[in-house]
There are 2 protein chains.
Amino acid sequence: MKEAFDINTIHAAAERLAGKIVHTPLLESALLNEQLGGRVLFKPECLQKTGAFKFRGALNKLSTLSAEQRRSGIVAFSSGNHAQGVAATARDLGIDVKIIMPQDAPALKIANTRAYGATVILYDRYTESREAIGRDLAEREGRTLVKPYDDHDIMAGQGTAGLEIAQSLQAMGVQADALLCPCGGGGLIAGVSTAIKALSPETDVYSVEPEGFEDTQRSLISGERECNATQGGSLCDSIVTPQPGALTFAVNRQTLSGGLVVSEAAVKRAMREAFIHLKLVVEPGGVVGLAALLTGEYPIQGKTVVVLLSGGNVDMATFLACCHEV
Amino acid sequence: MKEAFDINTIHAAAERLAGKIVHTPLLESALLNEQLGGRVLFKPECLQKTGAFKFRGALNKLSTLSAEQRRSGIVAFSSGNHAQGVAATARDLGIDVKIIMPQDAPALKIANTRAYGATVILYDRYTESREAIGRDLAEREGRTLVKPYDDHDIMAGQGTAGLEIAQSLQAMGVQADALLCPCGGGGLIAGVSTAIKALSPETDVYSVEPEGFEDTQRSLISGERECNATQGGSLCDSIVTPQPGALTFAVNRQTLSGGLVVSEAAVKRAMREAFIHLKLVVEPGGVVGLAALLTGEYPIQGKTVVVLLSGGNVDMATFLACCHEV
């Protein structure tokens, strides 16, 4: 029997997470609105615990593990934000955790994952398969594999951000024309779009990806799960994945209105605008939604758009270089 | 008859501001808590509209003006954050506004104040009196003077931040040992401490000031309103004032447990820690509370402390220089 994934799955996750996550507000800047000619409401998940939305899914997933599974430990693979979310949650729950991370992940992400008490195993993203290393460790050591996105409990946890957005919009009496969401493997946007389609059906949801890693955009067009040509080399480290997940794409092909693509130059400009107008540190992969507005990839004139800022875990040196360059 | 200023004044302001300001959340970082050996809950008013708490007081004050006063226009003097708060609010309410700002104010603050539609008048803070220029303009043009802090309506508006802190603590079931708050003229801390003493009396409230501008600390000791030796030259531009206000000090001498002082080096370190652990851009004068924890000026070991981050309006160049230098 196929497991159901719908708004009730997300409501259940929200109950599990209540009081344990940051209910991030919707923020806006009058000056940025003027500059863009529309209204933008930002959902700053860079302010979430561990600096990214990933804490939501990790906590929801780990909360569902049995006592036996918790005793046996877990293993996860991640480009960095899922790593921190899982490591912080596992520590709070007293679960032993090993995390497989690319050796070229931002230093801050690796350092923080270790600081939360996880054992970090580095791999080469061009020659090794993190999925294979993860499965192998899970089998040999009896650990539960906590996938970064292709898992209904993870997707539901991330979806609580969408639930909060819908609730905030309702409290403000605002209808949003669109929601722009960063997309790697598609777990965040699968959960968020499921919540939005249920509670704010008039809002179109779009994935946003960096040039060269627009697997979801191409998959939405072809109807098949398309692959990216390369596995790394993007400034947007947090949303580079080989292809859409099976479970996530099954949702996203039904909920999304399309896929948007942005350049690295636009991402840098967006980081700077977030600094100036929002007082937020947003990592490159987290700010792609704003980048899509700045370039006109999504024409915002006269519209109200929600932009999800997914994380803020960027090395100081990278941040400074991005802000200097613009 | 002496006008009363108490928790009811702040409750009335909160009703006036409901739905028009950002209810900023309390944020914390597990890794920063570990580093400090205590628990810190941050109130990020850099995320408030116009990038600082000042929007609260400005909106409360301007909401109380009569139709006649609104038609005649207003004038304000400010180092930059009150300027932006007043300018943005005045525009929303259709009030003509002139703002007197020091010519060495951060470029971002001057540019934003103009962008909100205000007429900006620059003055030399070493040779001219902004109070005199303001009074003169008010008399000659029939404008209402909107003071930056020494006004009960302004203090009450800022105090809504303290009301929110008390409500958040209660919702979390947390008792805070102390609250550290940036202090210039003392309007913010007068409002905040009044709310905290009414709703969370076990929490000690401390002012935090930069070295050389610790007029409130010295005034709390002497019982008189002491003056600073100089009017400028601090990195912490937003909290440099000649002396405590008359109305604000009348409150603060009763509500505050003492005054803390921090160096510019500590302020720069605090800006960097806020970047790394909170993903927030905080201006030098806004981050002094965290600086006091980093240096041990307030010993946090084993305690729970609320740190109010009052604003984020810092020029990119200054921010980059501060982060580089550490």
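Residues numbered from 1 in each chain as written. Chains lettered and ligands numbered in written order. Predicted model: local features only at pLDDT ≥ 70, side-chain atom pairs only at ≥ 80, totals over all residues. Heavy atoms only, no water.

### Considerations on the sheet that holds strand S3 (residues 97-102) of chain B
Residue and element names in this part refer to chain B. The sheet built from four strands is open, its strands ordered S4-S3-S2-S5 with parallel pairing. Edge strands, defined here as strands with exactly one partner in the open sheet, are strand S4 (119-123) and strand S5 (144-145). Here two bridges tie strand S2 (residues 74-77) to S5, and the two strands are oriented parallel to one another. The partner of Ile-74 across the bridge, within S5, is Thr-144. (Pairing = 2+ DSSP bridges. Helix = DSSP H or I, 4+ residues; strand = E, 2+ residues; numbered from the N terminus.)

### Describing the interface of chain A and chain B
Of the residues lining the interface, 30 residues belong to chain A; the matching set on chain B comes to 29 residues. It is A:Phe275, A:Lys279 and A:Met316 that lose the most area in chain A upon contact with chain B, and together they represent 27% of the buried surface on that side. Between A:Glu34 and B:Arg91 there is a salt bridge whose closest N-O contact spans 2.4 Å. Where chain A packs against chain B, one counts eight residue pairs in polar contact (both at pLDDT 80 or more). When residues in the side of chain A that touches chain B are grouped by element, the largest group, five residues, is from helix H14 (residues 316-325) of chain A. Here the residues of the side of chain A that touches chain B sort into 20 nonpolar, six polar and four charged. (Contact = heavy atoms within 4.5 Å. Buried area = accessible area lost by both parts, 1.4 Å probe. Salt bridge = Lys/Arg side-chain N within 4 Å of Asp/Glu carboxyl O. Polar contact = N/O pair within 3.5 Å; in protein donor to acceptor, adjacent residues only side chain to side chain. Nonpolar A, V, L, I, M, F, W, Y, C, P; charged D, E, K, R; others polar.)

### Brief notes about the layout of surface pockets
Quantified by volume, the second largest pocket comes out at close to 450 Å³. Lining of the second largest pocket is provided by 29 residues; of these, A:Lys49, A:Thr50, A:Phe55, B:Glu28 and B:Ala30 occupy positions nearest its centre. Where the lining of the second largest pocket is concerned, the elements lending two or more residues are helix H3 (54-63) and helix H5 (81-93) of chain A together with helix H2 (30-36) and helix H12 (264-278) of chain B. For the lining of the second largest pocket, the element with the most residues is H5(A), which contributes six residues. Taken together, the residues of the lining of the second largest pocket break down into 13 nonpolar, ten polar and six charged. (1 Å grid on protein atoms, 1.4 Å probe; cavity = no way out; pocket = protein on both sides within 12 Å on 5 of 7 lines; lining within 4 Å. Points joined across faces, edges and corners; volume = space filled by probe spheres on them.)

### As for the pairing of strand S9 (residues 304-309) of chain B
All names here are of chain B. Across the six residues that make up S9, a large majority, six, are buried. Side-chain alternation along S9 places Thr-304, Val-306 and Leu-308 on one buried face and Val-305, Val-307 and Leu-309 on a second face that is also buried. Sheet topology note: the strand S1 (residues 39-44)/S9 ladder contains six bridges and is parallel. Note on S9: the bridge partner recorded for Leu-41 is Val-306. (Buried < 20%, exposed > 50% of the residue type's maximum accessible area, 1.4 Å probe, protein only.)

### So, the relation of the copies chain A and chain B
In the superposition of chain A on chain B (RMSD 0.0 Å, axial shift 0.0 Å), the rotation amounts to 180°. Each copy turns onto its partner about a two-fold axis. For chain A, the residue whose C-alpha comes nearest the rotation axis is A:Leu280, separated from it by 2.5 Å. Interface overlap between copies: 97% of the residues of chain A at the interface are likewise at the interface in chain B, consistent with a symmetric, same-surface contact. (Least-squares fit on C-alpha atoms with pLDDT ≥ 70 in both.)

### Some details on the packing of aromatic side chains
The full count for this structure, using the stated rule, is six aromatic pairs over all chains. With centroids separated by 5.0 Å and ring planes inclined at 70°, the aromatic side chains of A:Phe275 and B:Phe319 adopt a geometry described as edge-to-face. Here the residue A:Phe275 occupies a position in helix H12 (residues 264-278), and B:Phe319 occupies one in helix H14 (residues 316-325), the pair thus bridging two chains. Comparing A:Phe275 with B:Phe319, the two get one shared label, buried. Among the aromatic residues, those joined into a cluster by ring pairs are A:Phe275, A:Phe319, B:Phe275 and B:Phe319. (Phe/Tyr/Trp six-rings, centres within 6.5 Å; stacked < 30°, edge-to-face > 60°.)

### What about the pattern of salt bridges?
All names here are of chain B. Tallied over the full model, the rule gives 34 salt bridges over all chains. Between Arg-218 and Glu-214 there is a salt bridge whose closest N-O contact spans 3.5 Å. The exposure class assigned to Glu-214 is buried, which follows from its relative accessible area of 17%.

### Structural notes on the domain arrangement of chain A
Residue and element names in this part refer to chain A. The assigned domain composition of chain A is domain 1 (7-53 + 152-325) and domain 2 (55-145). Taken residue by residue, the interface counts 34 residues in domain 1 and 24 residues in domain 2. Both sides of the domain 1 and domain 2 interface together cover about 2300 Å² of buried area, and 53% of this is carbon and sulfur. One can count five salt bridges joining domain 1 with domain 2. As a salt-bridge pair, Arg-56 and Glu-164 come within 2.9 Å of each other at their nearest N and O atoms. Joining domain 1 to domain 2, the criterion identifies 17 residue pairs in polar contact (both at pLDDT 80 or more). Mapped by element, the contributors of at least two residues to the side of domain 1 that touches domain 2 are helix H1 (7-17) and helix H8 (152-172). When the residues that make up the side of domain 1 that touches domain 2 are grouped by side-chain class, the tally is eleven nonpolar, 13 polar and ten charged. (Domains from an automatic or database assignment.)

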